[in-house]
Amino acid sequence: MIEQHYRPEIVEADVQHYWDAGECFRVTEDPSREKYYCLSMFPYPSGRLHMGHVRNYTIGDVISRYQRMRGKNVLQPMGWDAFGLPAENAAIQSQVPPARWTYDNIAHMKVQLRRLGFAYDWGREVTTCRPEYYRWEQWFFTRLLKKGLAYKKMATVNWDPVDQTVLANEQVIDGRGWRSGAPVERRDIPQWFIRITAYADELLAELDNLSGWPEAVRTMQRNWIGRSAGVEFDFGVEGDNAPLRVYTTRPDTVMGVTYMAVAAEHPLAAKYAEGDPPLAAFIDECRRTDVTEAALEKMEKKGHRLPVHALHPVTGEQLPLFVANFVLMAYGTGAVMAVPGHDQRDWEFARAHGIEIRQVVRPVDGDADLEAGAYIAKEATVSCNSGQFDGLDFQACFDATAEYLTQHANGERTTRYRLRDWGVGRQRYWGCPIPVINCDQCGALPVPDEQLPVLLPENVEFQGVGSPLANMPEFYATACPQCGGAARRETDTFDTFVESSWYFARYACADHDGGMVDRRADYWLPVDQYVGGIEHAVLHLLYARFFQKLMRDEGLVDVDEPFTNLLTQGMVLNEIFYRKTEEGRITYFNPADVDVQTDQRGARAGAALRTDGQPVISAGIGTMSKSKNNGVDPQALIDRFGADTVRLFVMFAAPPEHTLEWNDDAVLGANRFLRRLWALVHSHQAAIARLNAGRCGNGGFDWAGSHPDPQVRALRAAAHAALERINRDYQRYQFNTVVAACMELLNAIDRFDVPQAAGDGDEARVAVVLEALAILVAVLAPIVPHVAHVLWRALGQVDDVIDARWPEVDAGALERDTVEMVVQVNGKLRGHIEIESGADEERIRAAALSEEKVRRHVGDSSIRRVIVVPGKLVNLVVG
């Protein structure tokens, strides 16, 4: 018997203790059962969960519990993406080693995850900063190195001269280091790469097979890989024997070239900068320019004219040659043929520098206005002003110009990719050491297997200038494995994307100490359902797909793709409040500390900070973030309402793929629903206990045939109709409508009258309530597992709800003796009738005319026609 009042703090603690004691979520391989691997992207251990975490992991947990109740062998693991820059930043601020900060955060966040009741097999937990994990990452890299799939080369990076470190593009703010504020330089340094381009065709082709992924994600990956067919050919350079090689996907526009541009790092730029201080200064300025695509699109297109001309390969025309800030050495050949009439960046540069803009492509019907911008279309176009190529459509002109350039400009048709090899090295401390030994005599060699793992020293003093590994002889000093001479360990560490590119396979065999994975991975992989944010649509997912193929080709796994289905959940939103000083400084305030003011009509009239009563400004709704101070602490909500309320709210508030707008009233509504459910079961448990006792403890009832009580039939119909709808919505992951259906069923049960006093004896009325409640509790169990566990037992069930089989729809319960029909008069709704199924037209007409509202609208008019849609509506046409 359950207590009268729902007390989540007691219920959830007791249920979680029960799960832990029984190891209820520990899972092993069972070839006789259908497996289901559900995985949510693992978190960075920042110290506390945020609502984005809660939503992501609740979605995954609901799916996992649902599939378990469908009879599948379900794996749902959890771990920690534990290396990375934030730990170094925290170490600088708090003066603690990154390792200690990380492990403390893991311990705290693990407690929070347990409080939410997620059904994780914690025996498979992985922590990527632990040697037992990264040892195999190092081992795998040495295999790639031996196969030529890993290599080191010079690469251009963002260099902070004060912190002595490489910065990611997002760490460069207005050309300065995000922490030091120093002007950032573009510098060439040796970097480690993995040859992802060797798999570009396969990565692109297999996107077509990922039908369980959102089309938007597949499109982003296709664009990132960026396969294109084009021509590589030479322009001459006036007075220079070395040609200027370019690659273009639009050889059909070659007659529209009016200038040429090279990157600041191009050898031609360096050659002429030696005697040209202004050019050298411009090249130095380019080295400090943000080179993200977004920045390149928006920035002013600057250039410096070189003292020589390029020579057009078709016409021989002399073309001005520039060093330009929007041309990058890392893409293509570091030189571009500029066609301002048909490329927007080229157009903007030409307008800024007074260069001719020439049209060589036009629509088949009409013309293009090059005053407004470049005309970029390919389809339904024809060449113009193109000499011997005039009048050709796109493909014909493409082929003709490609053939000419092949014959006369050292050209060749080629396929290229936007995708570049993956730079995996970082000049950071808190990361997996790259397992390479550098010897002056023998070069870069892989660390021998018997010397793995190369341990990262964890107890270090970290000041934030460079990497401490470079100043630790005890780490880097070693002997060459080939010649035995003095050598130096690599002090670069791996990009943290490396750890997250194979963790899903390690979960399958986290306790294996004899290799990267074992054959258990073949049982569990691929992941059946992957859940995570859309922000990882390109890099993480692309690298994980790449790593899966590398592991396959090494003979470690069998399958080609890691994730069969992908769900990208929406962001969590909340209102943003702030104040701005006269100096322009902005301070953000948490919505929990703000009182919203309304006028007499209830409309918003302003907002004020609770502590001082002074006005604050609303910036509208935005993504919850620390920077905007608009997050909601999930721990405070759990402490106040319980984990099940929080879980119910995040599932009910919006479909998983949509953004979720925070609403305090909706959280209260979720809690009220659970209290109503608890109270309803409590109010019926005495009658249910009597029924169960009389039926040997199982409460079974023979529903064969139609029960004579119409209210009993109606409740059974409502319960099984709700179950039918819920089944459909669970399959579609529309959990918000699952909860809505549960709320409607709760209302139907609550309205049903059940005799409570002993001896009232109507077993059917008690039995139908028991059946409806059992359906309701079972379908809610994946969403609110704690309260469902207790209420399931209170309904007299002998097993645990997590081990219960999913309820089945009784088609017989959905067969109704009567149907409700809409009554229209001249096509307008005028009433409803309840009538026996199969009634003929005369009976339906009589029933419709017996309704008072219908009679009033018919009046004395004659009925000209009766239109009946069986089981749905009757329309009386009068006149």
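Scroll up to find the structure this text is about.
Here's what I pulled together on the structure shown here. Residue numbers run consecutively from 1 along every chain, following the written order of its sequence. Local features are withheld for residues below a pLDDT of 70 in this predicted model, meaning they are given only at 70 or higher, and side-chain atom pairs are given and counted only at 80 or more; totals for whole chains, interfaces and linings count all residues. Each side-chain value is derived from all of the structure's non-hydrogen atoms; neither hydrogens nor water enter the calculation.

## So, the pattern of salt bridges
Part 1 of the argument: Salt bridge, as applied in this entry: a Lys or Arg side-chain nitrogen positioned within 4 Å of an Asp or Glu carboxyl oxygen. Taken as a whole, this structure holds 59 salt bridges when the rule is applied.
Part 2 of the argument: Among the salt bridges present, the one from Lys-549 reaches Glu-202, with a minimum N-O distance of 3.6 Å. Linking Lys-549 in helix α16 (residues 539-553) with Glu-202 in helix α6 (residues 200-205), this pair joins segments that are 347 residues apart in sequence.
Part 3 of the argument: The class for Lys-549 is buried, based on a relative accessible area of 0%.
Part 4 of the argument: Through salt bridges with shared partners, a single ionic network connects Glu-202, Glu-206, Arg-545, Lys-549, Arg-552, Asp-553, Asp-560 and Glu-561. Secondary structure elements are taken from DSSP: a helix is a run of H or I of four residues or more, a strand is a run of E of two residues or more, and numbering for both begins at the N terminus. When a residue's accessible area, from a 1.4 Å probe over protein chains only, is under 20% of the maximum for its type it is buried; when over 50% it is exposed; and in between it is partly exposed.

## Remarks on the pairing of strand β35 (residues 828-836)
Part 1 of the argument: The pairing criterion is simple: DSSP has to find at least two bridges between the two strands. Pairing geometry for strand β34 (residues 818-825) and β35, over 8 bridges, is antiparallel. Bridge pairing in β35 links Val-825 to Lys-828.
Part 2 of the argument: Between β34 and β35, which pair antiparallel one after the other, the connecting turn spans 2 residues, and Asn-826 there sits at a positive phi close to 55°.

## Some points on helix α21 (residues 735-751)
Because the α-helix completes a turn every 3.6 residues, residues three or four places apart line up on one side.
Part 1 of the argument: Taking 1.5 Å of rise per residue, 17 residues should cover 24 Å, and α21 covers 25 Å from first to last C-alpha, within 8% of that figure.
Part 2 of the argument: Among the residues of α21, Phe-735, Asn-736, Val-738, Val-739, Ala-741, Cys-742, Leu-745, Leu-746, Ala-748 and Ile-749 are the ones counted as buried. What a helix should span is 1.5 Å times the count of its residues minus one.

## A word on the packing of aromatic side chains
Part 1 of the argument: In this analysis, rings of Phe, Tyr and Trp, with Trp reduced to its six-membered ring, are considered paired at centre separations within 6.5 Å, and the interplanar angle assigns stacked below 30 degrees, edge-to-face beyond 60, and tilted for intermediate values. On inspection of all chains with the given rule, the structure shows 40 aromatic pairs.
Part 2 of the argument: Where Tyr-66 meets Trp-806, the ring centres are 4.9 Å apart and the plane angle is 90°; that geometry is what we call edge-to-face. You can see Tyr-66 sitting in helix α2 (residues 51-69) and its partner Trp-806 sitting in the loop between α23 (785-794) and α24 (811-814), a full 740 residues away along the chain. Take Tyr-66 and Trp-806: they sit in the same class, and that class is buried.
Part 3 of the argument: Summarising the aromatic geometry, the rings of Tyr-259 and Phe-349 are spaced 5.2 Å apart at their centres and angled 25° between planes, so their arrangement reads as stacked.

## Focus on the packing of helix α20 (residues 710-731) against α21
Part 1 of the argument: Lines fitted to C-alpha atoms define the axes here, with helix axes fitted over just the stretch in contact, and angles between the N-to-C directions of these axes take values from 0 to 180 degrees. The geometry of α20 relative to α21 is characterised by a closest axis approach of 9 Å and an angle of 170° between their N-to-C directions. Relative to α21, the element α20 lies roughly antiparallel. Contacts from Leu-715, Ala-718, Ala-719, Ala-722, Arg-725, Ile-726, Asp-729 and Tyr-730 of α20 reach α21 at Phe-735, Thr-737, Val-738, Ala-740, Ala-741, Cys-742, Glu-744, Leu-745, Ala-748 and Ile-749. Roughly parallel here means an angle under 35 degrees, roughly antiparallel means over 145, roughly perpendicular means 65 to 115, and every remaining angle is called oblique. The contact criterion used throughout is that any non-hydrogen atoms of two residues lie within 4.5 Å.

## Thoughts on the sheet that holds strand β22 (residues 443-446)
Part 1 of the argument: The antiparallel open sheet is built from 4 strands, whose spatial order is β22-β21-β24-β23. Looking at which strands have only one partner, the edges of the open sheet turn out to be β22 and β23 (477-479). Within this sheet the neighbouring strands show an average axis-to-axis angle of 40°, counted without direction.
Part 2 of the argument: Relative to strand β24 (residues 486-489), strand β21 (residues 436-439) is paired through 2 bridges, and the arrangement is antiparallel. If you follow Ile-437 over to β24, its bridge partner there is Arg-489.
Part 3 of the argument: Those strands touched by helix α5 (residues 131-146) are β21 and β22, and its axis lies near 130° from that of β22.

## As for the nonpolar core
Part 1 of the argument: Here, nonpolar core refers to any group of buried Ala, Val, Leu, Ile, Met, Phe, Trp, Tyr and Cys residues whose side-chain atoms link them within 4.5 Å. Formed by 198 residues in total, the largest nonpolar core has its most connected members in Phe-504 and Trp-662.
Part 2 of the argument: The biggest single contributor to this core is helix α22 (residues 763-780), with 15 residues.
Part 3 of the argument: What Phe-504 contacts, discounting residues up to four positions off in sequence, is Tyr-37, Leu-39, Leu-525, Val-527, Ala-544, Gln-548, Met-551, Pro-562 and Phe-563.
Part 4 of the argument: If you look at the next biggest cluster of nonpolar residues, it comprises 41 residues, including Phe-235, Val-262, Phe-282 and Val-339.

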